[in-house]
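Spelled out, the chains give:
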Amino acid sequence: MNSNQLREKIRNNQFNEPTCGYAKGFIQTNLVIIETKYADDFNNFCDNNPKPCPIVERLDSGSFNPKTAQNADLRTDLVLYRKFINGNFDCELNNLTEEISFDFTAFLLGCSFSFENALTESGIYLPHFENKGNVAMYSTSIDTIPSKYFSGPLVVSMRWIPEDKVDQAVKITKKYKKNHGAPIHIGDPYKIGIKSIELPDFGEYWSPINKNDVPVFWACGVTPQLSLEKSKLPLVYTHSPGYMFVTDLKENEYS
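Residues numbered from 1 in each chain as written. Predicted model: local features only at pLDDT ≥ 70, side-chain atom pairs only at ≥ 80, totals over all residues. Heavy atoms only, no water.

Undergrad: Please clarify how the overall build of the protein chain should be interpreted in this entry.
TA: For the protein chain, the count of helices and strands is seven helices and eleven strands. For the C-alpha atoms alone, the extent of the protein chain along its principal axes is close to 50 × 40 × 30 Å. The buried share of the protein chain, reckoned over its 255 residues, is 59%. Considering only residue pairs separated by 6 or more positions, the protein chain has 77% of its internal contacts joining residues 24 or more positions apart. Total accessible area on the protein chain is roughly 11,000 Å²; 45% of this is exposed by carbon and sulfur atoms. In the protein chain, 26 positive and 31 negative side-chain charges are present, and the distance between their average locations comes to 4 Å. (Helix = DSSP H or I, 4+ residues; strand = E, 2+ residues; numbered from the N terminus. Buried < 20%, exposed > 50% of the residue type's maximum accessible area, 1.4 Å probe, protein only. Contact = heavy atoms within 4.5 Å. Areas by Shrake-Rupley, 256 points an atom, 1.4 Å probe, with all protein chains shown as cover. Lys, Arg positive; Asp, Glu negative; His and termini not counted. Charge placed at Lys NZ, Arg CZ, Asp CG, Glu CD.)

Okay, here's the thing in structure tokens:
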């Protein structure tokens with residue numbers, strides 16, 4: 001499937017899996033929808049923290065039709081959404097058509113799923129990617145740079161990389177600056193506040209394939225979700241981790 005075909009299946013409730021490994025070659029993004037009066041400050045938060053929160057597109061207030069995806073609607077074209085009220089998780093939804101007024105602004109933020117196809121094509125095996133699963137994600141002890149309303153810990157995604165291919169993985173992913181870029185940490189998870197690598201805060205844990213595999217951690221787009229929870233805004237919508245919005249941007253062009 002290309003990006004448009006996948007979005008159409010999602011819109012028609014014919015696809016309900018994590019989007020990792022689907023529409024290969026197209027940029028996937030995180031979604032944040034907040035009241036417009038907070039949008040400029042959230043933009044500042046993203047600018048302060050470009051590794052976990054790279055802005056791919058900021059839509060005009062009241063618009064849910066991104067320029068980065070033809071004939072798309074952000075209210076219907078994701079598998080799962082999360083709704084937060086006063087910073088507390090309220091529920092998951094499979095569309096937002098009955099939810100959002102036109103006093104909201106949507107942001108699309110870069111996602112590490114976008115560079116996984118390049119990693120696999122270089123010969124780096126990623127079990128979650130090959131099995132269409134969800135990557136493991138962890139909250140860390142690293143703080144983001146706050147803005148007026150937004151702050152919180154850095155969230156990372158983890159992939160096991162063979163020790164002799166770590167440098168190759170860094171070289172490949174650093175080109176994807178709008179999709180988290182190079183890793184922020186390699187090796188011992190305790191050094192970034194992860195107490196148990198087998199118990200991710202989000203997603204699924206995948207065991208290493210070989211004894212020389214090394215845990216490699218990239219900044220993750222779940223970071224703004226935690227900042228949004230901490231901000232206690234009256235109403236926020238995001239994607240559900242692992243269920244991304246797929247754009248028409250090509251990986252090899254956008255990187």
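Undergrad: In this structure, what is going on with the packing of aromatic side chains? I would like to understand it.
TA: A ring pair, where both rings are aromatic, is described by two values, the distance of the centres and the angle of the planes. Throughout the structure, instances matching the rule amount to twelve aromatic pairs. With a centroid separation of 5.4 Å and 80° between ring planes, the pair formed by phenylalanine 42 and phenylalanine 150 is classed as edge-to-face. Placement of the pair is phenylalanine 42 in helix H2 (residues 39-48) and phenylalanine 150 in the loop between strand E6 (136-143) and strand E7 (153-162), with a sequence separation of 108 residues. One exposure class covers both phenylalanine 42 and phenylalanine 150, and it is buried. Linked through ring pairs, Tyr38, Phe42, Phe45, Phe107, Tyr149 and Phe150 together constitute an aromatic cluster. Taking NZ or CZ as reference, arginine 82 lies 4.5 Å from the ring centre of phenylalanine 89, over its face. (Phe/Tyr/Trp six-rings, centres within 6.5 Å; stacked < 30°, edge-to-face > 60°. Lys NZ or Arg CZ within 6 Å of the ring centre and 35° of its normal.)

Undergrad: Before we go on, may I ask you to explain a positive patch on the surface in this structure?
TA: Taken together, Lys51, Lys171, Lys174, Lys175 and Lys177 make up a surface patch of like positive charges. Examined against the element boundaries, lysine 174 turns out to sit in the loop between helix H5 (166-173) and strand E8 (185-186). (Patch = residues over 30% accessible without salt bridge, like charges linked within 9 Å, V, L, I, M, F, W, Y side chains within 5 Å. Salt bridge = Lys/Arg side-chain N within 4 Å of Asp/Glu carboxyl O.)

Undergrad: Sorry, what's going on with the nonpolar core here?
TA: One finds Leu119, Met137, Val155 and Ile161 to be the most contacted residues of the largest nonpolar core, which totals 25 residues. Mapped onto this core, the elements with two or more residues apiece are helix H3 (113-121), E7, H5 and strand E9 (213-219). For this core, the leading source of residues is H3, giving four residues. Dropping the residues within four chain positions of it, valine 155 is found in contact with Met137, Tyr138, Ser139, Phe202, Trp218, Ala219, Cys220, Val222, Thr223 and Leu226. (Core = buried A, V, L, I, M, F, W, Y, C linked by side-chain atoms within 4.5 Å.)

Undergrad: I'm lost on the pattern of salt bridges in this one. Help?
TA: When their charged atoms lie close together, side chains carrying opposite charge are able to pair. For the coordinates displayed, the defined rule picks out six salt bridges. For aspartate 77, the salt bridge identified is with arginine 11, shortest N-O distance 2.8 Å. Note that aspartate 77 is positioned in the loop between strand E2 (55-58) and strand E3 (81-85) and arginine 11 in helix H1 (residues 3-11), a separation of 66 residues in sequence. Residue aspartate 77 is classed as buried on the basis of its relative accessible area of 0%. Here arginine 11 falls in the partly exposed class, since its relative accessible area comes to 31%.

Undergrad: Please clarify how the sheet that holds E7 should be interpreted in this entry.
TA: Picture the strands of a sheet paired through backbone hydrogen bonds; they go either parallel or antiparallel. Pairing is antiparallel across the open sheet formed by four strands, whose spatial order is E6-E7-E9-E8. Among the strands making up the open sheet, the edge pair consists of E6 and E8. Where E8 and E9 come together, two bridges link them in antiparallel fashion. Its bridge partner being in E9, histidine 185 is matched across the sheet by phenylalanine 217. (Pairing = 2+ DSSP bridges.)

Undergrad: Hey, could you run me through the pairing of strand E5 (residues 104-110) in this one?
TA: Two faces make up the sheet, and in a regular strand the side chains alternate between them. By the criterion of burial, E5 is predominantly enclosed, with seven of the seven residues buried. Across seven bridges, the pairing between strand E1 (residues 26-35) and E5 is antiparallel. Paired with isoleucine 34 across the two strands is threonine 105, which belongs to E5. Taken together, the three bridges between E2 and E5 define a ladder with antiparallel strand orientation. Within E5, the residue paired with isoleucine 55 across the bridge is leucine 109.

Undergrad: Would you take a moment to explain H5 for this structure?
TA: Residues that lie three or four places apart on an α-helix share one face, since the helix turns once every 3.6 residues. Turning to H5, its buried residues number three or more, namely Val166, Ala169, Ile172 and Thr173. Along the axis of H5, the buried residues cluster in a sector spanning 125°; they form a single face. When the buried face of H5 is taken as reference, the exposed residues oriented beyond 90 degrees from it are Asp167 and Lys171. Elements that come into contact with the buried residues of H5 comprise H3, E7, E8 and E9. (Arc of directions from axis to C-beta.)

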